[in-house]
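Given next are the chains, with one letter for each unit.
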Amino acid sequence: EVVTPPGVEGCAPAGCAVGLALAVTVGGTAGALTTAEAVAHGGAAQFACRDVDSRYSGTITAQCSMGALQPPTDDCVLAPCEIFTGVQHTLGGALGLAAPAATIARGASGVGVCSSVNPGFSGSLTMSCSGDGGLEVVSDDGCKRACLGDAVATATLDGEDVAVAPATRVEHDGAGAVSCGDV
């Protein structure tokens, strides 16, 4: 038989208060996280791995027991290089932002679009997402000059040399047209 001492009827284990600190390490980076809201006894506080080390994604979970956060568990993994990340690169004398065309996993290679660095180029950059979170341009050999409206060529029309320029951007090795009325 369970005997309840006098004066404790209806008591419940304490929850975890707002601002309770939790020391964690993610990818070798130590940090302290604090609860943004109260957590009931038996509930869980969750934090983003990136709040400790921005190279990581995933969740850190700590259970609340008797008013204290218990040692956490996590599913933190190195985050991939996303399309909204970028690195400065110089192409054709212009400095611009090279970003992956699609998500690149850590330790893998992918492509970026040359025209995002310099609009005067078309083709693809070779990019790498290193294991430690760095995005870099490995090669811009796939980038070729595109023809813009200021690209002028000479054409012979009825025995006369005339200057012609494309009305719109023409990709490298692409074809463009100029209306005879524009010559």
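Residues numbered from 1 in each chain as written. Predicted model: local features only at pLDDT ≥ 70, side-chain atom pairs only at ≥ 80, totals over all residues. Heavy atoms only, no water.

Undergrad: For this particular structure, what's the right way to read the overall build of the protein?
TA: Helix and strand counts for the protein come out as 1 helix and 16 strands. Going through the 183 residues of the protein one by one, you find that 27% of them count as buried. Here the contacts in the protein between residues at least 6 apart in sequence split such that 35% fall between residues at least 24 apart. Carbon and sulfur atoms make up 53% of the accessible area of the protein, which totals about 10,900 Å². (Helix = DSSP H or I, 4+ residues; strand = E, 2+ residues; numbered from the N terminus. Buried < 20%, exposed > 50% of the residue type's maximum accessible area, 1.4 Å probe, protein only. Contact = heavy atoms within 4.5 Å. Areas by Shrake-Rupley, 256 points an atom, 1.4 Å probe, with all protein chains shown as cover.)

Undergrad: Would you mind showing me how to read the environment of Q88 here?
TA: Residue position: Q88 is located in strand β9 (residues 87-91). Look at Q88 and you get exposed, because its relative accessible area is 60%. Sequence spacing of Q88 and E136 is 48 residues, and the spatial spacing of their C-alpha atoms is 8.7 Å. Residues contacting Q88, with those up to four places away along its chain left out, are L95, G96 and L97.

Undergrad: In this structure, what is going on with the nonpolar core? I would like to understand it.
TA: The nonpolar side chains of soluble globular proteins are, as a tendency, buried together. Judged by nonpolar contacts, the single largest core of 16 residues is most densely connected at V26, I60 and L69. Among the elements of the structure, β1 (21-26), β3 (44-48) and β5 (59-65) are those that each provide at least two residues to this core. (Core = buried A, V, L, I, M, F, W, Y, C linked by side-chain atoms within 4.5 Å.)

Undergrad: I would appreciate a short explanation of the state of the cysteines in the present structure.
TA: In a disulfide, the sulfur atoms of two cysteines are covalently bonded to one another. Within the structure shown, the criterion is met by 4 disulfides. Across a sulfur-sulfur distance of 2.2 Å, C16 and C64 are joined as a disulfide pair. On the sign convention where negative means left-handed, the S-S torsion of about 105 degrees between C16 and C64 marks this disulfide as right-handed. Placement of the pair is C16 in the segment before β1 and C64 in strand β5, with a sequence separation of 48 residues. The residue that forms a disulfide with C114 is C143, at a sulfur-sulfur distance of 1.9 Å. Classification of the bridge connecting C114 and C143 rests on its S-S torsion, roughly -80 degrees, and on that basis the disulfide is left-handed. One end of the pair, C114, is in helix α1 (residues 114-117); the other, C143, is in strand β14 (residues 143-145), with 29 residues separating them in the sequence. In this pair, the class of C114 matches that of C143, namely buried. (Disulfide = S-S within 2.5 Å.)

Undergrad: Where do I start with the pattern of salt bridges in this structure?
TA: A full pass over the atoms with the stated rule returns 1 salt bridge. Here D53 and R55 are joined by a salt bridge, their closest N and O atoms 2.9 Å apart. The class for D53 is buried, based on a relative accessible area of 6%. (Salt bridge = Lys/Arg side-chain N within 4 Å of Asp/Glu carboxyl O.)

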